[in-house]
Amino acid sequence: MRKFTIIIALLIALVAVGETSAKRPKRGKKAHKTHRVAKHKKTSKKKVVKKIVPIDPRLDDPDYDPFLQCEDTCDHVHGIDLSHYQGQVFWETVGENTKMAYVYLKATEGGDRVDDLYERNIQLAHRYGLKVGSYHFFRPKTPLKLQLDNFRLQCRPGEQDLIPMIDVETTGGLPTEEFCDSLITFLGMVEKEYRQPPLVYSYRNFYNKHLIGQVDDYKLMIAMYLPEEPVLADGRDITMWQYTSKGQIIGIKGYVDKSRFMGKHGLRDIRFKHVHIKGGEPDAIPRYEKESAQMTRRSW
């Protein structure tokens, strides 16, 4: 009986040892983990490419003046013409550019279009010392009286330093003869309204094709964007040359049209003559002259 009890105890001990060994991991193998492990994605590092900004070599020139910006030559009297396309202009900065003596501002186009920034531009251009003129973009098919009324409502004599300019760039699909009849009539209407002939602006090629012999009584501003000075097919004298449509100047964002006088021409050639009436009073008192204490106007 004692032997039997001993055998039973040994069997129980062997069974207990087997269960314990079954729970232990075998050597050389990792124990199985029951919890989830977050997988980490491999992140690829992006290469940062540094942009190389070219340095303007002119900045190393001790004589370089960024306010000159003539593009053509600084030996002439230069100016600009602009419209709402240039956006908000920093006129105080533009006024500091001693080579930009004048500005022509777009006032109107056709019979009903008015440049949104004309009123602001003309006031500030005066305030910061530029000689100012206004121009109208001519539409040959639009009734001429509508165009004149539109222009004169904006281009007030008392606010002008320079004679009005008529921008002539399109025939409107009219035959040359019909187009010229319309243009000459309109120029005569403008001359009568302002008591002095306007300046005519056009491209060299357009002039050579449509305007030869038609506008001999009017001073010309000719646009041609080539290095050499423009020469017209009929040898007409050119008062002003618009030499680039991609000029740059501190105070104006983006490109701007720039021009200069040709030969011995200067501001006096296009000065607006304020006509006096009986009693010695001018036909209009310039608004900017009322604020002369706030302005620094350049001499002619």
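Please refer to the structure placed before this passage.
Residues numbered from 1 in each chain as written. Predicted model: local features only at pLDDT ≥ 70, side-chain atom pairs only at ≥ 80, totals over all residues. Heavy atoms only, no water.

A. Examining the overall build of the protein chain more closely. Counting its regular elements, the protein chain contains seven helices and nine strands. Out of the 300 residues in the protein chain, the part that is buried amounts to 39%. Of the contacts made within the protein chain by residues no fewer than 6 positions apart, 66% connect residues no fewer than 24 positions apart. Per element, the accessible surface of the protein chain, about 19,200 Å² overall, is 55% carbon and sulfur. (Helix = DSSP H or I, 4+ residues; strand = E, 2+ residues; numbered from the N terminus. Buried < 20%, exposed > 50% of the residue type's maximum accessible area, 1.4 Å probe, protein only. Contact = heavy atoms within 4.5 Å. Areas by Shrake-Rupley, 256 points an atom, 1.4 Å probe, with all protein chains shown as cover.)

B. Representation of the side chain of E109 in the model. With respect to the helices and strands, E109 occurs in strand 2 (residues 100-109). On the basis of relative accessible area, E109 is assigned to the buried category, the value being 9%. Of note is the side chain of E109, whose polar atom sits 2.6 Å from the side chain of K106. Among the polar contacts made by the side chain of E109, one reaches the side chain of R139 at a distance of 2.6 Å. Dropping the residues within four chain positions of it, E109 is found in contact with H136, F137, R139 and N150. (Polar contact = N/O pair within 3.5 Å; in protein donor to acceptor, adjacent residues only side chain to side chain.)

C. Spotlight on the pairing of strand 1 (residues 78-82). Within strand 1, five of the five residues are buried, which leaves it mostly tucked inside the rest of the structure. Residues H78, I80 and L82 point to one face of strand 1 and G79 and D81 to the other, with burial holding for every one of them. Across five bridges, strand 1 lies against strand 2 in parallel orientation. Residue pairing across strands places L82 opposite L105, the latter belonging to strand 2. (Pairing = 2+ DSSP bridges.)

D. Examining the packing of aromatic side chains more closely. Tallied over the full model, the rule gives eight aromatic pairs. Pairing Y203 with Y225 gives two aromatic rings, centres 6.2 Å apart and planes at 85°, and the pair type is edge-to-face. Highlighted residues: Y203 in strand 6 (residues 199-203) and Y225 in the loop between strand 7 (220-223) and strand 8 (240-247), separated in sequence by 22 residues. Overall, Y225 belongs to the partly exposed group, its relative accessible area being 34%. Ring pairs connect the aromatic residues F151, Y194 and F272, which therefore count as one cluster. (Phe/Tyr/Trp six-rings, centres within 6.5 Å; stacked < 30°, edge-to-face > 60°.)

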